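If you want the building blocks of each chain, they are given just below.
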Amino acid sequence: EIGINNNNRVEYNYVNGTTFGRLYGSLSVQNINCNIRNFIVENVTDIDMQNAFPTILMNICNDYGIHCLNLKNYVANRDDFKIIKSNEKQNYLGSFLSLLCQHYENILLGYMREYCQHNCIGVHSLLFDGLLVYGSIEKEQIKEMEKYIKTKSTWDISLCTKEIKTTLKLPEDYQPACTNPILQ
């Protein structure tokens with residue numbers, strides 16, 4: 001569970017009663033369109049695992065001594081590659097790799113949450129390959145979080161902050177009709 005202003009809590013569970021993969025929040029901003037989510041949230045920082053799945057898969061291969069030159073090249077030079085998606089309706093290998101990466105993504109996300117807890121950084125929401133934290137966070141803290149993940153997992157995971165951007169705006173003359181301070 002993640003607290004929101006210590007009053008409301010969001011419960012996160014695995015999908016369909018499983019015990020692995022991604023955690024999904026009930027009544028969380030996690031599942032809201034990014035543009036709308038960024039309009040709703042205030043005073044938060046989005047911390048993201050850069051190039052999450054390819055980097056996770058590369059680390060798994062390294063751990064098991066699997067040479068993956070093309071994957072390493074992709075992770076190092078992602079912007080130079082064009083992705084070709086499979087049209088297969090049942091891509092079992094792709095589904096398996098996705099679940100495997102989701103499993104490790106969640107473990108890494110847990111280390112990010114631990115770091116935040118140990119350093120009094122409030123977590124607003126989980127976002128699959130990252131999280132929203134209250135307030136701003138310095139680049140030095142991001143580097144420290146990366147080091148923490150490395151000590152817990154031995155993996156080099158690059159983190160970044162993503163700008164909270166939205167195209168939505170309230171009208172200048174907007175007056176809220178609600179008087180409940182929790183909902184304002």
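One numbering rule holds for all chains: residues counted from 1, following each sequence as written. With the structure being a predicted model, the display of local features is reserved for residues of pLDDT at least 70 and the display and counting of side-chain atom pairs for 80 or more, all residues being used for whole-chain, interface and lining totals. Excluded from the side-chain calculation are hydrogens and water; included are all heavy atoms of the structure.

Draft legend 1. A look at the layout of surface pockets. Computed over the protein atoms alone on a 1 Å grid, cavities are sets of points where a 1.4 Å probe fits but cannot get out and pockets are open sets with protein on both sides within 12 Å along at least five of seven lines; a residue lines them when it has an atom within 4 Å of a point. Grid points are joined across faces, edges and corners, and a volume is the space filled by probe spheres set on the points. Within this model, the second largest pocket holds a volume of roughly 540 Å³. Numbering of helices and strands starts at the N terminus; helices are DSSP runs of H or I of at least 4 residues and strands are runs of E of at least 2. Of all the elements in the fold, those that place two or more residues in the lining of the second largest pocket are helix H2 (52-63) and helix H4 (92-118). At four residues, H4 tops the list of elements feeding residues into the lining of the second largest pocket. Here the lining of the second largest pocket is built from residues that sort into eight nonpolar, four polar and one charged. Any residue that is not Ala, Val, Leu, Ile, Met, Phe, Trp, Tyr, Cys, Pro, Asp, Glu, Lys or Arg is counted as polar, Gly included; the first ten are nonpolar and the last four charged.

Draft legend 2. Local environment of the pairing of strand E6 (residues 123-126). Criterion used throughout: strands pair if DSSP finds at least two bridges between them. Judged from the three bridges that link them, E6 and strand E7 (residues 130-134) form a sheet pairing that is antiparallel. Paired with valine 123 across the strands is valine 133, a residue of E7. Between the antiparallel neighbours E6 and E7 lie three residues, among them phenylalanine 128 with a positive phi of about 60 degrees.

Draft legend 3. Quick peek at the packing of aromatic side chains. Ring geometry is summarised as follows: Phe, Tyr and Trp rings, the Trp one being its six-membered ring, pair when their centres sit within 6.5 Å, and such pairs are stacked at plane angles under 30 degrees, edge-to-face over 60 and tilted between the two. With the rule as written, the count across this model stands at four aromatic pairs. Centroid distance tyrosine 104 to tryptophan 155: 5.3 Å. Interplanar angle 40 degrees. Geometry classified as tilted. Placement of tyrosine 104 in helix H4 and of tryptophan 155 in the loop between helix H5 (139-153) and strand E8 (159-162) is noted, with a sequence separation of 51 residues between them. Under the relative-accessibility criterion, tyrosine 104 is labelled partly exposed at 23%. For the exposure calls, accessible area comes from a 1.4 Å probe over protein chains only, and a residue counts as buried if that area is under 20% of its type's maximum, exposed if over 50%, partly exposed in between.

Draft legend 4. Layout of empty space enclosed by the protein. Tallied over the full model, the rule gives one cavity of 30 Å³ or more. Its boundaries defined by the atoms lining it, the largest cavity holds a volume of some 40 Å³. For the largest cavity, the full set of lining residues is Gly21, Arg22, Leu23, Gln30, Gln102, Glu105, Asn106, Leu109, Leu126 and Phe128. Here the lining of the largest cavity takes four residues from H4, the largest share from any one element. The residue inventory of the lining of the largest cavity, partitioned by class, reads four nonpolar, four polar and two charged.

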